[in-house]
Amino acid sequence: MSVAVHELLNRDSLDTCSPPGGFPVDPEVLSKFPAGTKILSAVPFGTSAWTITALLEVELPGGFTERYFLKCASEDSGRALMEGEFHAMSALYMAAPDFVPKPHSWGEFRTKKPRTYFFLSQFIEMSDRVPEPNQLCKKLARLHRESVSPTGMFGFHINTCQGRSSQEVGWETSWTLCFTKMLNHVIQLDTETNGYWGEFNQLGRRITSLVIPRLIGALETDGRKIKPCLIHADLWEGNTGTSYETGNIYIFDAASLYAHNEMEIGDWRCPYNKIHNKIYTKTYLRHFGPSEPKEEWDDRNRMYCIYYNVIYSVNHMNQGKAVRQSAYEDMYNLIDKYAPFADREGPPRLSTDEKVSLSAERDHTAA
């Protein structure tokens, strides 16, 4: 996807207009605005592994000017990414309009080689500094607490994407079933992307068949219930920004679904995020305390981290080995506690050398 879409900037086409700024604009993009709108400039803006992006300045009928952020991706995976992001950001905007740039539209280019899709949203000039913990976590907790699933179920009406990878988030009445399906899906994607690892798959089967029903299932047994909360689902510092004008924190590049709220911050346990700093998790928990049983909160957090590590491995093949090993270690820790193998039944543990290498890789990535 990333190679094909970047070729759009390297060729001329009769189907595109070329306003000042050097970014060719497909006429379908202009069609999303009122008749008579003019594109004053289109400038490449930002960097992305999976998409190309631009800042558009348009003149609307009546002479008003506005700025929009344009994101483009190609082929079937590009459609899933752009359509999913539009619907995810729209749901977030409806729930918390002061927390996300306003989504505008999505569509398909008239230019067909390659087939390319786009997403338009409000442009807000933002700093990319690490977000201030209290404002971020206060807004996030409010989003989780006040959002309402339109079906009363867990999941989403369309599959959303993390990076280039589509998630399996169809509606389920049970969070246990929904999360099991999601984890099985990314483990399969990891096998397809990074190759078969029998021991890893053996742990994955035990996690989904025995540990999740016990650990995640405890949230929905003995009279307990959890609310399906709208989560961003890919929330690291690179998907946040702080407005230069107002100081407000915004989130974007969403992979949303209605989930257990604690899944959101499982990503913050992963060492490749700067939000890995424990101040963010501690601050969030002050605004939205752990679900019952509270004593199992850290184990649930580890479980959700496994999901993010596996999908990260899918999206970043060059770093897949270290991240897979991290998920392997976390799986084994949870299995030891909730569904231990009989003597000599389980796959081998990571060797001492592998653990040392993994620890060094974590330290390097976190830095």
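Residues numbered from 1 in each chain as written. Predicted model: local features only at pLDDT ≥ 70, side-chain atom pairs only at ≥ 80, totals over all residues. Heavy atoms only, no water.

By the naming in an unreviewed UniProt entry, the protein goes by protein-ribulosamine 3-kinase and is assigned to Aplosporella prunicola CBS 121167. Taken directly from UniProt, the Catalytic activity (unreviewed entry) text for the protein runs: "N(6)-D-ribulosyl-L-lysyl-[protein] + ATP = N(6)-(3-O-phospho-D-ribulosyl)-L-lysyl-[protein] + ADP + H(+)". (UniProt positions renumbered as here; feature names shortened; annotations may be inferred.)

With that settled, the discussion passes to the environment of Asp-98. Tracing the backbone through its elements, the reader meets Asp-98 in the loop between helix 3 (75-95) and strand 4 (103-108). For Asp-98, a relative accessible area of 32% translates into the label partly exposed. Here the alpha-carbon distance between Asp-98 and Glu-83, two residues 15 residues apart in the chain, equals 22 Å. In this view, Asp-98 contacts Lys-139, Arg-142, Ile-249 and Tyr-250; residues no more than four positions away in its chain are not counted. Of note is the side chain of Asp-98, whose polar atom sits 2.6 Å from the side chain of Arg-142. (Helix = DSSP H or I, 4+ residues; strand = E, 2+ residues; numbered from the N terminus. Buried < 20%, exposed > 50% of the residue type's maximum accessible area, 1.4 Å probe, protein only. Contact = heavy atoms within 4.5 Å. Polar contact = N/O pair within 3.5 Å; in protein donor to acceptor, adjacent residues only side chain to side chain.)

This part takes up the domain arrangement of the protein. Domain annotation of the protein identifies domain 1 (3-122) and domain 2 (127-354). Relative placement of domain 1 and domain 2: their C-alpha centres are 30 Å apart. Taken together, the contact pairs 18 residues of domain 1 with 25 residues of domain 2. Both sides together, the interface formed by domain 1 and domain 2 hides about 1,800 Å², and carbon and sulfur atoms give 71% of it. (Domains from an automatic or database assignment. Buried area = accessible area lost by both parts, 1.4 Å probe.)

A cis amide bond links Lys-113 with the next residue in sequence, Pro-114, at an omega value of -5 degrees. Of note, Pro-114 is situated in the loop between strand 4 and strand 5 (116-122). A cis amide bond, omega 0 degrees, links Glu-292 with the succeeding residue Pro-293. Within the chain, Ala-233 stands out as a residue other than glycine whose phi angle is a positive 80 degrees.

In any sheet, the strands associate via hydrogen bonds between backbone groups, in a parallel or an antiparallel arrangement. Strand order in the open sheet formed by 5 strands is 1-2-3-5-4, and the pairing between neighbours is antiparallel. Looking at which strands have only one partner, the edges of the open sheet turn out to be strand 1 (38-44) and strand 4. Along the sheet, successive strands turn relative to each other by an average axial angle of 25 degrees, direction set aside. Bridging between strand 2 (residues 52-59) and strand 3 (residues 65-74) involves 8 bridges; their strand directions are antiparallel. Residue pairing across strands places Val-58 opposite Glu-66, the latter belonging to strand 3. (Pairing = 2+ DSSP bridges. Axes fitted to C-alpha atoms, helices over the stretch in contact; angles between N-to-C directions.)

Let us now look at the side chain of Ser-147. Along the polypeptide, Ser-147 turns up in the loop between helix 4 (133-146) and strand 7 (161-162). Given a relative accessible area of 3%, Ser-147 falls into the buried group. Polar side-chain contacts of Ser-147 include one of 2.9 Å to the backbone nitrogen of Leu-230. Beyond its immediate chain neighbours, meaning those up to four positions away, Ser-147 contacts Ala-95, Arg-142, Lys-227, Pro-228, Cys-229 and Leu-230.

Turning next to helix 4. Note on helix geometry: an α-helix contains 3.6 residues per turn, so any two residues three or four positions apart are oriented the same way. The terminal C-alpha atoms of helix 4, which comprises 14 residues, lie 20 Å apart, in line with the 20 Å expected from a rise of 1.5 Å per residue. When we look at burial in helix 4, the residues that qualify are Pro-133, Leu-136, Cys-137, Lys-139, Leu-140, Ala-141, Leu-143 and His-144. Against helix 3, strand 9 (229-231), strand 11 (249-251) and helix 7 (278-287) lie the buried residues of helix 4. Between a side-chain oxygen at the N-terminus of helix 4 and the backbone nitrogen of Asn-134 the separation is 3.0 Å; the capping residue is Glu-132. (Expected span 1.5 Å × (residues − 1).)

So, on to the nonpolar core. Membership of the largest hydrophobic core comes to 83 residues, with the highest contact counts inside it found for Trp-175, Phe-179, Leu-183, Met-263, Trp-268 and Met-303. Built from parts of two domains, this core gets at least three residues from each of domain 1 (3-122) and domain 2 (127-354). Setting aside residues up to four positions removed in sequence, Met-303 forms contacts with Phe-179, Leu-183, Ile-207, Val-211, Ile-212, Leu-215, Ile-216 and Leu-334. Judged by nonpolar contacts, the second largest core, of 17 residues, contains Val-29, Ala-54, Cys-72 and Leu-120. (Core = buried A, V, L, I, M, F, W, Y, C linked by side-chain atoms within 4.5 Å.)

This brings us to the sheet that holds strand 6 (residues 126-127). Ordered by their spatial adjacency, 3 strands build an open sheet running 6-10-11, and the pairing between neighbours is antiparallel. Each edge of the open sheet is held by one strand with a lone partner, namely strand 6 and strand 11.

Take the packing of helix 5 (residues 175-194) against helix 6 (residues 198-215) next. At their nearest, the axes of helix 5 and helix 6 sit 10 Å apart, and the two run at 175 degrees to each other. As judged from the angle between their axes, helix 5 and helix 6 are roughly antiparallel. Facing helix 5, whose interface residues are Thr-176, Phe-179, Thr-180, Leu-183, Asn-184, Ile-187, Asp-190 and Thr-191, helix 6 presents Phe-200, Asn-201, Gly-204, Ile-207, Thr-208, Ile-212 and Pro-213. Along the lines of polarity and charge, the residues of the contact of helix 5 with helix 6 split into 7 nonpolar, 7 polar and 1 charged. (Parallel < 35°, antiparallel > 145°, perpendicular 65-115°, else oblique. Nonpolar A, V, L, I, M, F, W, Y, C, P; charged D, E, K, R; others polar.)

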